[in-house]
Amino acid sequence: MMPIFALPRYLGISLTVLLLVFTMPVWAQSTVASVDEVEIPVHPWVVPSPRSAETYFTNLKDGATYEAPFVARFGLSMRGLVPAGQTAGRSGHHHLLINKDLPLDFKKPLPFTDQYIHFGKGQMEMVVNLPPGKYQFRLLLADQGHIPYFVYSKPLTLTISKQDKAAAPASVQGTARVELLSPADRETVKGPFRMQFHASGYNVSHSGAKAGDTGHFRLTMERAARKPEVINFTGGQTETWLNPPPGDYTMRLELVSNGAGNSVMSASKPSALTVAVR
């Protein structure tokens, strides 16, 4: 019989991944192939994502009609953000493709045009102010040299019915802030569930890149008569999957500077969450 310590080498996988296979719940085992590519925060409540690596829009709907200007918000599963020109694990930065299909060659850098918009600072949103018409939007993640990963969104078709060219971006973007997008305040959920973060007016990055003017998310969850649970998303992640014990929680999301001192750049309002028994 083959000894257990030799099994990882025989299968061609790391021991970490093998241990995850044996210890993770059945619903999450389909993600094993991606576990080795993403940094998961070390905390007993954090579980592997059941989703594959992908980008998506957190606030836009396919087939919807909008008046410009409006804000397009970006989400990212199974990866983290890092500014262009910086390397940290499998992190990358967002690109918005307007009326463009995915590139035929994923080994070439994305061009800089009005139809390939780069968010090389680690931004999570954009103010869109295009003329009336029908558009196709797609998000694509790329590395430090703008070489795309196979991490992208489904194409989204939207219609812009009206444009106010004179509107200032700040009038629709609002003040710089961080938000806990989901679960909603006072929502009741059953674990495991997805938690989504957002930063407006700030840049998000993997802390390992030590990029100036960026931060990473930190989540604090408090229960009555219990020690607060703090989870640091130093890999530049903008979402996570959690499976905490049932109970009532107060949650607070912060953006922590990646610079010296790790000061808090912004904090969300506290929100309530009830985790029900499965």
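Assigned secondary structure in the chain consists of 4 helices and 18 strands. Going through the 278 residues of the chain one by one, you find that 47% of them count as buried. Counting contacts in the chain only where the partners sit at least 6 residues apart, residues at least 24 apart contribute 67% of the total. Accessible surface for the chain amounts to roughly 14000 Å². Of this, 54% is attributable to carbon and sulfur atoms.

Counting 29 residues, the largest nonpolar core has M195, F217, M221, L242 and L273 as its most contacted members. Looking at this core, the elements with two or more residues in it are β8 (148-152), β10 (177-182), β12 (193-200), β13 (215-222), β14 (229-233), β16 (247-257) and β18 (271-276). Other than its neighbours up to four places away in sequence, L242 contacts W45, V46, V47, G191, P192, F193, M195, L219, M221 and I231. The next biggest cluster of nonpolar side chains, apart from the first, holds 20 residues, and it includes A68, I117, M126 and L156.

Further remarks concern empty space enclosed by the protein. Per the counting criterion, the structure on display carries 1 cavity of 30 Å³ or more. Put simply, the largest cavity is a space of about 160 Å³. As for the largest cavity, its lining consists of 17 residues, and the residues nearest its centre are I40, S49, M78, E239 and T240. For the lining of the largest cavity, the elements supplying multiple residues, two or more each, are β3 (70-77) and β15 (239-242). Per-element accounting of the lining of the largest cavity gives the leading share, 3 residues, to β15. Here the lining of the largest cavity is composed, by residue class, of 9 nonpolar, 5 polar and 3 charged.

Its volume calculated, the largest pocket comes out at about 220 Å³. Ranked by the residues each element gives to the lining of the largest pocket, the list is headed by strand β1 (residues 54-57), at 4 residues. Residues of the lining of the largest pocket, tallied by class, amount to 6 nonpolar, 2 polar and 5 charged.

Within β3, 8 of the 8 residues are buried, which leaves it mostly tucked inside the rest of the structure. Side chains F70, A72, F74 and L76 project from β3 onto one buried face, and the interleaved V71, R73, G75 and S77 project onto a second face that is buried too. In this sheet, β3 lies alongside β1 in antiparallel orientation, the contact comprising 4 bridges. Bridge assignment links Y56 to a residue of β3, and that residue is G75.

Moving on: the sheet that holds β10. The strands making up a sheet associate through hydrogen bonds between their backbones, and the pairing can be parallel or antiparallel. Strand order in this open sheet of 3 strands is β10-β12-β15, and the pairing throughout is antiparallel. Pairing within the sheet leaves two strands with one partner each, and these edge strands are β10 and β15. Adjacent strand axes in the sheet meet at a mean angle of 25°, parallel and antiparallel pairs treated alike.

Two aromatic rings, taken as a pair, are described by how far apart their centres are and by the angle between their planes. If you walk through the whole model with that rule in mind, you get 9 aromatic pairs. Centroid distance Y66 to F70: 5.0 Å. Interplanar angle 25°. Geometry classified as stacked. Classification of F70 as buried rests on a relative accessible area of 8%. With 5.2 Å between their ring centres and 50° between their planes, F197 and F217 make a pair best called tilted. With F197 in strand β12 and F217 in strand β13, this residue pair connects regions lying 20 residues apart in the sequence. Aromatic rings pair up to connect F57, F74, F119, Y135 and F137 into one cluster. In this structure, R51 is placed above the aromatic ring of Y56, and the distance from its NZ or CZ to the ring centre is 5.9 Å.

Predicted confidence across the chain gives a mean pLDDT of 88, with 86% of residues reaching 70 or more. When the criterion is pLDDT under 50, residues 1-36 qualifies, and its contacts beyond four places in sequence or with other chains add up to 29 contacts.

Below, the discussion takes up the pattern of salt bridges. With the rule as written, the count across this model stands at 7 salt bridges. Where R194 meets E239, a salt bridge forms, and the shortest distance between an N and an O atom there is 3.3 Å. Separated by 45 residues along the polypeptide, R194 in strand β12 and E239 in strand β15 bring together distant segments of the chain. Residues joined in a network through salt bridges with shared partners are R73, E125, R177 and E179.

Scoring rules and cut-offs
- Residues numbered from 1 in each chain as written.
- Predicted model: local features only at pLDDT ≥ 70, side-chain atom pairs only at ≥ 80, totals over all residues.
- Heavy atoms only, no water.
- Helix = DSSP H or I, 4+ residues; strand = E, 2+ residues; numbered from the N terminus.
- Buried < 20%, exposed > 50% of the residue type's maximum accessible area, 1.4 Å probe, protein only.
- Contact = heavy atoms within 4.5 Å.
- Areas by Shrake-Rupley, 256 points an atom, 1.4 Å probe, with all protein chains shown as cover.
- Core = buried A, V, L, I, M, F, W, Y, C linked by side-chain atoms within 4.5 Å.
- 1 Å grid on protein atoms, 1.4 Å probe; cavity = no way out; pocket = protein on both sides within 12 Å on 5 of 7 lines; lining within 4 Å.
- Points joined across faces, edges and corners; volume = space filled by probe spheres on them.
- Nonpolar A, V, L, I, M, F, W, Y, C, P; charged D, E, K, R; others polar.
- Pairing = 2+ DSSP bridges.
- Axes fitted to C-alpha atoms, helices over the stretch in contact; angles between N-to-C directions.
- Phe/Tyr/Trp six-rings, centres within 6.5 Å; stacked < 30°, edge-to-face > 60°.
- Lys NZ or Arg CZ within 6 Å of the ring centre and 35° of its normal.
- pLDDT = per-residue confidence, 0-100.
- Salt bridge = Lys/Arg side-chain N within 4 Å of Asp/Glu carboxyl O.

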